[in-house]
Structures are given as C-alpha cells and as structure tokens.
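# Observations on the three-dimensional arrangement
Letter by letter, the chains look like this.
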Amino acid sequence: MANEAHPCPCDIGHKIEYGGMGREVQVEHIKAYVTKPPFDTGKAVIVIQDIFGWQLPNSRYMTDMIAGNGYTAILPDFFVGQEPWQPSGDWSTFPDWLKTRDARKIDREVDAVLRFLKQQCHAQKIGVVGFCWGGVAVHHVMMKYPEFRAGVSVYGIIKDSEDVHSLKNPTLFIFAENDAVIPLEQVSLLTQKLKKHCKVEYQIKTFSGQTHGFVHRKREDCSAEDKPYVDEARRNLIEWLHKYV
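These lines cover the structure that appears in this document, whether it is placed above or below.

What counts, and where the lines are drawn
Residues numbered from 1 in each chain as written. Predicted model: local features only at pLDDT ≥ 70, side-chain atom pairs only at ≥ 80, totals over all residues. Heavy atoms only, no water. Core = buried A, V, L, I, M, F, W, Y, C linked by side-chain atoms within 4.5 Å. Buried < 20%, exposed > 50% of the residue type's maximum accessible area, 1.4 Å probe, protein only. Helix = DSSP H or I, 4+ residues; strand = E, 2+ residues; numbered from the N terminus. Contact = heavy atoms within 4.5 Å. Pairing = 2+ DSSP bridges. Right-handed = clockwise from strand over helix to strand, strands pointing away. Salt bridge = Lys/Arg side-chain N within 4 Å of Asp/Glu carboxyl O. Polar contact = N/O pair within 3.5 Å; in protein donor to acceptor, adjacent residues only side chain to side chain.

Time to look at the nonpolar core. One finds Ile46, Ile66, Leu117 and Phe148 to be the most contacted residues of the largest nonpolar core, which totals 84 residues. Take this core: its biggest share by element is seven residues, from helix α6 (residues 227–244). Dropping the residues within four chain positions of it, Leu117 is found in contact with Ala44, Ile46, Thr72, Ile74, His122, Ala123 and Ile126.

This paragraph deals with the pairing of strand β3 (residues 43–48). Most of β3 sits out of view: five of its six residues are buried. Note: β3 against strand β5 (residues 125–131), six bridges, orientation parallel. What sits directly across from Lys43, in β5, is Lys125. Pairing analysis gives three bridges linking β3 to strand β4 (residues 72–76), with the strands arranged parallel. Bridge assignment links Val45 to a residue of β4, and that residue is Ala73. The parallel pair β3 and β4 is bridged by helix α1 (residues 57–67), and the resulting crossover is right-handed.

Moving on, we get to the pattern of salt bridges. Summed over all chains, the structure comprises eight salt bridges. Of the charged contacts, one joins Glu24 and Arg60 as a salt bridge, the two residues approaching to 2.9 Å between their closest N and O atoms. Residue Glu24 is found in strand β1 (residues 23–27), and its partner Arg60 is found in helix α1; the two are separated by 36 residues along the sequence. By relative accessible area, Glu24 is classed as partly exposed at 45%. Arg60 gets classed as buried once you look at its relative accessible area, which sits at 9%. Ionic pairing is found between Asp96 and Lys99, a salt bridge with its closest N-O pair at 3.5 Å. Separated by three residues within a single helix, Asp96 and Lys99 lie in helix α2 (residues 94–99), roughly one turn from each other. Taking relative accessible area as the criterion, Asp96 reaches 51% and is therefore assigned exposed. For Lys99, a relative accessible area of 65% gives the class exposed.

So, on to the side chain of Thr63. Mapped onto the elements, Thr63 comes out in helix α1. Given a relative accessible area of 0%, Thr63 falls into the buried group. Discounting residues that sit within four places of it in the chain, Thr63 has contacts with Tyr33, Thr35, Val47, Ala73, Ile74 and Leu75.

Quick look at the side chain of Asp50 now. By the secondary structure assignment, Asp50 is in the loop between β3 and α1. By relative accessible area, which is 0% here, Asp50 ends up buried. One polar contact links the side chain of Asp50 to the main-chain amide nitrogen of Phe52, over a distance of 2.9 Å. With sequence-adjacent residues up to four places away left out, Asp50 is seen in contact with Leu56, Ser59, Phe79, Phe131, Cys132, Trp133, Gly134, His216 and Arg217.

What follows is the structure, encoded as structure tokens:
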C-alpha cells in the first residue's frame, strides 16, 4: 500500500497465471473465494487482499497454499464490488482512490465472513492473513477481534494512530528491508511500541534485500537470491498459524 503523502508505485510484480482450486461463493453482501482443506480440521483462515483485489491470481494462490496446510481458507472481496487498483493507474490519483477503501473500515465484512465460517464451515478456530492493504487490515482486526486466534500482517502497518500495540492475540508482522512503501523507521517505531506496551505474543521479521510484495508477488521460479527469502516467509506464515490457531 502506498503512503498517502507519497504515493509510491506498489508494483504488481509477477502476476502469476493461476486458475485456483477453490470456488466463488456469496457471503451475505460480498463475494468470496473459498478453498477447503484436504480434511476438515475445524480451523479457518481469512485472507485479506492487497490493492489489486480479491481476484488477483497471486492472492488465490496464497489462499490455496494456506488451505493445503489444513485450513478452510476464504478470500473475500473487501472492496465490496468497488474496482481494485489497476497496475496502469495514475498514481497521483491513488490517495483519493484509497479514501474510499479504508482498510480499517471493514468490520461489517469481517462480521459477515466470521458468521459464514462458523455457521456454514463449522470453524471453531480462526486466523487471519493479509498482504499490503490487507496487512493494514490484519493489524486493525487483531486489535479489535478476540475471535482471531492469530494474525499475520505481510508488509502492512497502521501508520496514523498512536495505538498500534493493543493486539488481542499473537500477531506476526513480515516486512521487506527495501520496501519503498514502508520505511524501516516505521518498522522500528512499531517494534518500540510493541516492546513497551504489547501484552500478547508477537514477532516482527524483516527480510534482507527484499522489496514490497515479495511474499506473494514473486513467481516460484524467481531469482536464486530471492527464493530462500520467499520460501522462508511463507513457511513462517504457516508455522505461525499452526502454532496459534
């Protein structure tokens, strides 16, 4: 997600060719992509999209990866039918576009998806993972919803609030060292506040040499230098869910 004051290009990276293993469903007022695990575990994960929307193949790939590890994984349209950001968009218009898609004004959608998971999928334990815009959303819901047993915020951070530390349950933050969108000073500030005030488990990992989007917007055959970091971040994401959900 771009900083409102300085709209840096949030590059779509490698838009992978991927059809998906799940299906699209209607969840109350929103559409969603759902993938079931190989066997029912009573566990579910909500995946929150980046600015490129719920239909981005990369996000569906990550949703399927999570499902393959034992979770009912659901990727809802948190833009509720509004257009996602287009890679060819004029970045000078990005701040205005973002005002109508506030990552912290998603409670109605979260409530609907939680009802769906509990009532239709019989989920008893629920986690949440988000990328970019969705990482900000994860930071928000982990400070509001005790129902989420664990959260993973991937290159997303709440920047304009004093309270970034009141997490309800264990939260993993994944950042990139060379992120034009989230400077390391902001990561340091978050680290300081969590260390001073946070009362639950948390972890902040910054991946050396990586850029914004590296976890879900790089192909499987990305460079030999990057692949170990991509693999490690994805592994850390799954391990965090396994540990706490």
